[in-house]
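# Coordinate analysis (summary)
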Amino acid sequence: MKKLSILALILVFSSLGPTAISAPNPAGQAVDAAKSESPGAPKAEKSVTLHKIVIGNSTVNYAATAGTLIVRNAKDQPYASMGYTAYAKTDVPDPSRRPITFAYNGGPGSASIWLHMGVLGPKRIVTAEAAITPPPPYKVVDNESSILDRTDLVMIDPVGTGFSRAVGDSKEKDFFSVDADIESVSRFIKEYVTENGRWNSPKYLLGESYGTVRSAGVVDYLQTMEYMSFNGVILVSMATDLELAVSDAYPGGQRSWPFLLPTFTAVAWYHKVLPGAPSELEPLLNEARAFALGEYAHALALGNELPEADRAAVIEKLHRLTGLSSDYLDRANLRVTMPQFSQELLRGRRETVGQLDA
């Protein structure tokens with residue numbers, strides 16, 4: 001993960017240009033990010049370059065900043081150096097009124113490379129469509145789907161990922177808990193907003209997977225502890241119910257199976273492996289949802305008490321809604337995990353479904 005994070009910053013630097021130049025901060029104010037400290041104290045570092053990209057029919061001029069910010073604890077002591085990559089539109093009359101979005105992936109323990117170079121930033125890696133992307137070399141292109149035309153963007157790497165590290169008397173393990181992670185990311189956002197004059201900007205959080213859990217905690221922390229208001233919280237690939245997300249990994253866990261089924265149906269429909277599939281997906285999804293929360297959930301709850309005739313009927317419906325063979329579903333005891341589905345769905349074509357894409 002650390003190698004990937006380093007690669008992300010290398011890609012950013014290489015795609016932004018050969019030379020880092022001096023430029024105002026995104027708010028248009030000259031601010032010295034580093035507070036006066038004793039010799040040897042950690043220092044904030046950053047490199048700023050200027051660029052433009054066409055998004056839709058509009059040209060967006062922006063500043064790209066790759067750097068670190070020294071985050072201070074409740075005692076006003078430096079306790080983390082957190083890496084980030086920020087993009088801010090430059091030709092804005094009043095930057096303090098422009099929206100700003102803070103984004104991060106989850107894990108916990110993941111850097112922000114996936115959202116950054118996959119969907120949000122002005123540059124992206126070209127990936128295979130609904131399949132596993134081959135190994136490098138990767139191609140970097142302008143991201144015409146970036147959100148930079150609507151909001152400035154700050155990609156955050158939590159401590160222990162990317163270039164984010166504990167400093168001073170703190171240790172990295174001090175950050176590896178739910179509350180400590182929430183606090184450090186919150187303190188980063190507060191300091192970034194303060195140093196860049198963005199308190200009056202409409203502010204948004206965007207988290208993916210475990211980042212949705214983090215966002216729930218961060219918005220609460222900043223609103224209650226720092227009196228910072230937010231205009232929205234965007235949850236991507238929600239994992240707020242962690243017990244549901246991992247229940248299929250434990251013996252006797254039953255909750256996740258019905259919620260997986262509609263996704264299996266959509267993926268199988270996309271790859272055209274469903275027997276007698278309709279031309280439209282939505283009616284089929286409605287059927288899959290009703291079956292999943294009704295007959296299928298009831299069958300799972302009965303377990304070994306499920307009558308054989310009912311079991312055979314459930315297997316046949318699962319076959320029609322997943323594209324998996326009745327024999328495979330029988331041997332899986334009606335329960336197919338995400339990795340199993342990814343491997344089995346296109347086995348006849350000698351292909352594997354890309355789990356994250358699906």
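Scroll up to find the structure this text is about.
Numbering of residues begins from 1 in every chain and follows the order in which that chain's sequence is written. Residues qualify for local features only when their pLDDT is at least 70, as the model is predicted, and side-chain atom pairs are given and counted only at 80 or more; totals for whole chains, interfaces and linings, by contrast, use all residues. Side-chain measures here rest on the full set of heavy atoms in the structure, leaving out hydrogens and waters.

What follows deals with the nonpolar core. Put simply, buried Ala, Val, Leu, Ile, Met, Phe, Trp, Tyr and Cys residues joined by side-chain atoms within 4.5 Å make one nonpolar core. Think of it in three bands: residues with accessible area under 20% of the maximum for their type are buried, residues over 50% are exposed, and the middle band is partly exposed, with areas taken using a 1.4 Å probe on protein chains only. Grouped together as the largest cluster of nonpolar side chains are 29 residues, with contacts concentrated most on Tyr296, Leu318, Leu334, Val336 and Leu345. Residue assignment for this core shows that the elements contributing at least two residues are helix H6 (256–270), helix H7 (281–302), helix H8 (308–322) and helix H9 (326–331). Counting from the N terminus, the helices are DSSP H or I runs at least four residues long and the strands are E runs at least two residues long. Counting residues per element, this core draws most heavily on H7, which supplies seven residues. By definition in these notes, contact holds between two residues if any of their heavy atoms fall within 4.5 Å. Setting aside its immediate chain neighbours within four residues, Leu334 contacts Tyr296, Leu300, Leu306, Arg311, Val314, Ile315, Leu318 and Leu329. In terms of nonpolar packing, the next biggest core, distinct from the first, is built from 28 residues, Leu69, Val159, Phe188 and Ile189 among them.

Take the residue count of a helix, subtract one, and multiply by 1.5 Å to get its expected span. In this model helix H4 (residues 210–225) runs 22 Å from its N-terminal to its C-terminal C-alpha over 16 residues, within 8% of the 22 Å that 1.5 Å per residue would give. Within H4, the full set of buried residues consists of Tyr210, Gly211, Thr212, Val213, Arg214, Ser215, Gly217, Val218, Val219, Tyr221 and Leu222. Backbone geometry just after H4 places Tyr227 at a positive phi near 60°.

Counting buried residues along strand S3 (residues 78–89), 12 of its 12 residues qualify, which places the element largely inside the surrounding structure. Strand pairing is defined by DSSP finding a minimum of two bridges between the two strands. What sits between strand S2 (residues 58–72) and S3 in their antiparallel hairpin is a turn of five residues, with Asp76 showing a positive phi close to 60°. Summarising the sheet, S3 and strand S8 (residues 165–166) pair through two bridges and their orientation is antiparallel. Each bridged residue has a counterpart across the sheet, and for Ala80 the counterpart in S8 is Ala166. Two strands pair when backbone bridges link them, and S3 and strand S7 (residues 152–156) are joined in this way by four bridges, in the antiparallel orientation. For Thr85, the partnering residue across the bridge sits in S7 and is Met155.

This part covers the packing of H7 against H8. Between N-to-C directions, angles cover 0 to 180 degrees, with each direction set by a line fitted to C-alpha atoms, over the stretch in contact for helices. For the pair H7 and H8, the least separation of the axes is 11 Å and the interaxial angle reads 150°. The orientation of H7 relative to H8 falls into the category roughly antiparallel. Between H7 and H8 lies a crossing of left-handed hand. Counted together, Leu284, Glu287, Ala288, Phe291, Glu295, Tyr296 and Ala299 of H7 and Val314, Lys317, Leu318, Arg320 and Leu321 of H8 form the full contact between these two elements. Put simply, Ala, Val, Leu, Ile, Met, Phe, Trp, Tyr, Cys and Pro go in the nonpolar bin, Asp, Glu, Lys and Arg in the charged bin, and everything else, Gly too, in the polar bin. Class assignment of the residues belonging to the contact of H7 with H8 gives a composition of eight nonpolar, no polar and four charged. Orientation categories follow fixed angle ranges, with anything under 35 degrees roughly parallel, anything over 145 roughly antiparallel, 65 to 115 roughly perpendicular, and all other angles oblique. A clockwise turn of the near helix away from the far one marks a right-handed crossing, whereas an anticlockwise turn of less than a right angle marks a left-handed crossing.

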